[in-house]
Amino acid sequence: MEKPNIVTCTAPVNIAVIKYWGKRNEELILPINSSLSVTLHQDQLKTTTTVVASKSFQEDRIWLNGKEEDISHPRLQSCLREVYTLAQVFGVEGELSAIARQGSGSACRSMYGGFVQWLMGQKEDGKDSVAQQVEPESHWPELRILVLVASAEKKPVGSTSGMQTSVETSALLKHRAESVVPGRMAEMIEAIGRRDFATFAELTMKDSNQFHATCLDTYPPIFYLSSVSQQVINLVHRYNRHYGETRVSYTFDAGPNAVIFTLKQHVPEFLQVVQHFFPPETNGGHFIRGLPVKRVFLPDELKQSIGLQPMDNGISYVISTKAGPGPCVVDDPAQHLLGSDGLPKRTV
C-alpha cells in the first residue's frame, strides 16, 4: 500500500494597520483598496494545519478546530482546485498569496513575515492582486504588539456581509478607497522603513478610526466597537497626552478587541495602566500572556492625568507579542494533527 504524504504547517495571524474593507469582485476576493499589516509572532499566536494525501482515499474531508466541516463550500473548493493545480507542477513555485486570498482576503498577507502589503491590483482576473513583504520581521526589533481581548463572542455582523453592505451604501468608503488609502499606504511604508513610530502610530489610529467611520456610514450602520473599545481609545489618547508624545497606538478590526502598538521600553508601564483601568477578576499571571513583562510602579500623577473611571473585567486578558515570520513547515511527526489514515489524531 502506498505511504500517504503528510505535511503540517503553521501560519501566523496578521493585524492590518491600513485596513481592507470592501471587494470589487466577490468571487475572486479582489479588494477596492490596497492594505498593509504586521505579521504577529507564532510563539504567541498561530494556526496549525495538517494535510494528508493518498491515492487510496475515497473522498476529501476537512476538520476545523476538531469539527468536521462541509468541504463543498465554494471558497474552499476554489482554494483546493488551485492547490491541486500547483501539486501537478510540483517543483514550480506558484503565487501562493493569490491562492490564500481566494480563501480569505486578508489571509494572503499571512504568507509573509514582518510588514506586508496586499496590492489591490488592476487586472480583472486578479493575477496582480497579491501580497508582498515590505520589511522582514527583523527590521524593527523594538516594536511590540499587545492584543487586548475584550470579547470572544461572535460578532453581530460578519465581515463578508458587512463589506458588501458598505460597498453598496457608504459614500465615505468610496472616498476612502480612492482618495485616502493610496497616500496612506505610501506614508506608512515610508514610516516603517524609517522606524518612525510617531508617524506609524498616528496613521494606524487614523485608519482604524476611518474604517469604523465607514461602518457607521453604512446603511443600516454597523457597530463593531463596544464601550470597552471606546474606553481603550480614550485611554491611549490620554496616556499619550500626559507624556506629550505618541507612545502607544490602537487599531480595531471588525470587532471590539484592541490591538496596541508600542515600543519595548513602554510595555511594562502601559500594561500596568491597562490593568489599573480595566481591573481583572484576579491579579494572577493569566491576565498577561505571551512575552514576559516585568511589573512596574504606576505613579499617582499618571493615573490622575488619565482620569478615567475603571471598568471592571472590561479586558479578559492581554497577549504580549512582536512581529514574526511567515508560514513554517513542522518537521516533528508528533505535531501532525491527522494520522496516516487521514483522520484526526486527537481533539484539536
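Bear in mind the structure is a predicted one, so any value in this text is a computation, not a measurement.

**Observations concerning the overall build of the chain**
For the chain, the helix and strand inventory stands at eight helices and 16 strands. Looking at the 348 residues of the chain, the share that counts as buried comes to 45%. In the form shown here, the chain has an accessible surface area of approximately 18,100 Å², with 52% of it arising from carbon and sulfur atoms.

**Considerations on the packing of helix 4 (residues 171–194) against helix 5 (residues 197–217)**
Across the interface, helix 4 lies against helix 5 with an axial gap of 10 Å and an inter-helix angle of 165°. Between helix 4 and helix 5, the angle falls in the class roughly antiparallel. Note that helix 4 runs across helix 5; the crossing there is left-handed. Residues A171, L172, L173, R176, V180, R184, E187, M188, A191, I192 and R194 of helix 4 form the contact with helix 5, whose participating residues are T199, F200, L203, T204, K206, D207, Q210, A213, T214 and D217. Among the residues making up the contact of helix 4 with helix 5, the classes are represented as 10 nonpolar, four polar and seven charged.

**Digging into helix 6 (residues 227–243)**
Since one α-helical turn is 3.6 residues long, residues separated by three or four positions face the same way. Along its 17 residues, helix 6 runs 25 Å from first to last C-alpha, staying within 8% of the 24 Å computed at 1.5 Å per residue. Within the span of helix 6, buried status applies to V228, S229, Q231, V232, I233, L235, V236, Y239 and N240.

**Comments concerning the sheet that holds strand 1 (residues 5–12)**
Across a sheet, strands are paired by hydrogen bonds formed along the backbone, either parallel or antiparallel in direction. Ordered by their spatial adjacency, three strands build an open sheet running 6-1-16, and the pairing between neighbours is antiparallel. Two strands in the sheet have a free side with no partner beyond their single neighbour: strand 6 (46–53) and strand 16 (328–330). Neighbour-to-neighbour, the strand axes of the sheet open up by a mean angle of 30°, direction not taken into account. As paired elements, strand 1 and strand 16 share three bridges and run antiparallel to each other. Opposite T8, over in strand 16, you have V330 as the bridge partner.

**Here we look at the sheet that holds strand 9 (residues 115–118)**
Strand order in the open sheet formed by four strands is 2-5-9-10, and the pairing between neighbours is antiparallel. Of all strands in the sheet, those with a lone pairing partner are strand 2 (14–18) and strand 10 (131–135), marking the two edges. On average, each strand axis in the sheet is inclined to that of its neighbour by 35°, with strand direction left out of account. In the sheet, strand 5 (residues 35–39) pairs with strand 9 via four bridges, with the strands oriented antiparallel. Counterpart to L36 in the pairing with strand 9 is Q117.

**Some remarks on the environment of T204**
Mapped onto the secondary structure, T204 falls in helix 5. Residues T204 and M188, 16 residues apart in the sequence, show an inter-C-alpha distance of 8.4 Å.

What counts and what doesn't
- Residues numbered from 1 in each chain as written.
- Predicted model: local features only at pLDDT ≥ 70, side-chain atom pairs only at ≥ 80, totals over all residues.
- Heavy atoms only, no water.
- Helix = DSSP H or I, 4+ residues; strand = E, 2+ residues; numbered from the N terminus.
- Buried < 20%, exposed > 50% of the residue type's maximum accessible area, 1.4 Å probe, protein only.
- Areas by Shrake-Rupley, 256 points an atom, 1.4 Å probe, with all protein chains shown as cover.
- Axes fitted to C-alpha atoms, helices over the stretch in contact; angles between N-to-C directions.
- Parallel < 35°, antiparallel > 145°, perpendicular 65-115°, else oblique.
- Left-handed = near helix turned anticlockwise from the far one by under 90°.
- Contact = heavy atoms within 4.5 Å.
- Nonpolar A, V, L, I, M, F, W, Y, C, P; charged D, E, K, R; others polar.
- Expected span 1.5 Å × (residues − 1).
- Pairing = 2+ DSSP bridges.

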